[in-house]
Amino acid sequence: AHTFLSNLTINGTRLELGKCIRPYEDNRNFPVKDLKSKELTCRTTSMNVADTDICGVAAGSKMSVEWHESDEKDRAISSSHLGPCIVYLSPLDANGDGDVWFKIFEDGYDPETKKWCVDKIIASKGLMDITIPADLKAGNYLMRTEVIALHEADREYGTDENAGAELFPNCAQLYIGGAGSAQPAGVAIPGAYTTKDPGLLFDLYDGYDSYPIPGPPLYKPGSVSAGSSSTGNSSADSSADEEKDSSADEDTTENVDEDKTNNAEEDNTDSSEIEEDTNTSKGNAQKANVDEEKTEENNSDQDTTSEDDSTSAKEVPVFNLNKSISQEIVAGSTSKTEDVAIGATITNAAGQPCVRVRRKRRRDLRGEL
């Protein structure tokens, strides 16, 4: 009668069981009841970032999370386990520690329909859609999903062996691409909940017409100003040139989106060629040119023939942090070097993926950011 986060669906693609989700415990559907336990963070056997893949998703886009009771074909959860569903995000480099978790989704009880979030995910066979805030600063994030069952929450945890709400958290690792700058303030988990919170000490059997969802207020996109939320390039509107490289023995990068261009005569240019956007007028001041540094000889005619990009635009970028490359970003008179993991996606201003790194390679990005 319990549940766990089984699958993610991104860009319409349902990923395999456990993909980009932190490793499950042996009893992966068992609840957490102790609100001070570290298990409340992610309910996982490993908090090592490198042990889990990262899936790419665009800021402002929708994705789905999916819960099941014992396997991905089973029901979502028992209908007796009524309660809310909550989703948090935090920067991945914090690894869940400290006041880093901000809430991006919550659904509790609807007094008009008399339905709980648990009722909804049962009806949808475990699926629930969420929207990634459009204004988030691009980067790696830890997403924490949670279902809370209230069938034993009429008694405070510790009163007897069964007393207390049952919490079912799991965490997934995401790369969120986009041109936003917001870095919302967060809360600590554990720490945000107490056993006396009205949303966790709640009697399902005594009549009610409302329900107070536990945790901090829901983050609303645009509620954090750029000046207070970011020191980065918040006005960046960079796009990437498309390049195909077929040499299996050479370091390569794969472009998954075509360049932006204002010249109508270039609209019919073969997408297998590298396009340079040289328009530097004020109206296009925020376009960025990508200058690929190649380690190969002049083999471009041969190298652009074997990569198939027919499905790459919808491909879900997945990579492992055990491998990384360095990337130098030059903006005006300033520059900085960042570590970018294999499979990282560089996005344009619309949050669409532009470049996916396939193997270790150093590349310079130049342009007005």
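Quick note: structure is the one above.
Residues numbered from 1 in each chain as written. Predicted model: local features only at pLDDT ≥ 70, side-chain atom pairs only at ≥ 80, totals over all residues. Heavy atoms only, no water.

Caption draft 1: Representation of the nonpolar core within the structure. Counting 67 residues, the largest nonpolar core has Leu-8, Met-128 and Met-143 as the members making the most contacts within it. Ranked by the residues each element gives to this core, the list is headed by strand E11 (residues 166-177), at seven residues. Every residue in contact with Met-128, bar those within four places of it in the chain, is listed here: Met-63, Ser-64, Val-65, Trp-67, Cys-85, Val-87, Phe-105, Cys-117 and Ile-121. (Core = buried A, V, L, I, M, F, W, Y, C linked by side-chain atoms within 4.5 Å. Buried < 20%, exposed > 50% of the residue type's maximum accessible area, 1.4 Å probe, protein only. Helix = DSSP H or I, 4+ residues; strand = E, 2+ residues; numbered from the N terminus. Contact = heavy atoms within 4.5 Å.)

Caption draft 2: Spatial organisation of the pairing of strand E3 (residues 54-58). Taking burial as the measure, the five residues of E3 include five buried ones, the bulk of the element. Residues Ile-54, Gly-56 and Ala-58 point to one face of E3 and Cys-55 and Val-57 to the other, with burial holding for every one of them. Bridge analysis of E3 against E11 gives four bridges, and the strand direction is parallel. The residue of E11 that forms the bridge with Cys-55 is Leu-174. (Pairing = 2+ DSSP bridges.)

Caption draft 3: Layout of the sheet that holds strand E4 (residues 62-68). Across the sheet, four strands lie side by side as E2-E1-E4-E9; this open sheet has antiparallel pairing. At either end of the open sheet lies a strand with only one pairing partner, and these are strand E2 (13-14) and strand E9 (127-131). Pairing between strand E1 (residues 4-10) and E2: two bridges, direction antiparallel. By the bridge assignment for E2, Ile-10 is matched with Thr-13.

Caption draft 4: Molecular detail of unusual backbone geometry. Cis peptide bonds are those with omega within 30 degrees of zero, and the linkage from Ile-189 to Pro-190 qualifies with 5 degrees. With respect to the helices, strands and loops of the structure, Pro-190 is situated in the loop between E11 and helix H3 (226-229). Here Asn-11, not a glycine, exhibits a phi torsion of approximately 55 degrees, which is positive. Tracing the sequence through the fold places Asn-11 in the loop between E1 and E2. You can call Asn-11 partly exposed: its relative accessible area is 37%. Positive phi, close to 60 degrees, is recorded for Lys-125, a residue that is not glycine. Position of Lys-125 among the secondary structure elements: in the loop between helix H2 (117-123) and E9. Residue Lys-125 is classed as exposed on the basis of its relative accessible area, which comes to 65%.

Caption draft 5: Up close: empty space enclosed by the protein. Enumeration over the complete set of coordinates arrives at three cavities of 30 Å³ or more. Approximately 50 Å³ is the volume attributed to the largest cavity. What lines the largest cavity is simply Lys-33, Leu-35, Arg-155, Glu-156, Tyr-157, Gly-164, Ala-165, Leu-167, Thr-195 and Leu-200. Looking at the lining of the largest cavity, its residues break down into five nonpolar, two polar and three charged. (1 Å grid on protein atoms, 1.4 Å probe; cavity = no way out; pocket = protein on both sides within 12 Å on 5 of 7 lines; lining within 4 Å. Points joined across faces, edges and corners; volume = space filled by probe spheres on them. Nonpolar A, V, L, I, M, F, W, Y, C, P; charged D, E, K, R; others polar.)

Caption draft 6: The pattern of salt bridges, seen in detail. Per the stated rule, a full pass over the model turns up twelve salt bridges. A salt bridge links Arg-14 to Glu-72; the shortest N-O distance between them is 3.4 Å. Taken together, the positions of Arg-14 in strand E2 and Glu-72 in the loop between E4 and strand E5 (85-91) put the pair 58 residues apart, joining distant regions of the chain. Close ionic contact of Arg-155 with Asp-160 constitutes a salt bridge, the shortest N to O distance being 2.8 Å. Using a relative accessible area of 31% as the deciding quantity, one classes Asp-160 as partly exposed. (Salt bridge = Lys/Arg side-chain N within 4 Å of Asp/Glu carboxyl O.)

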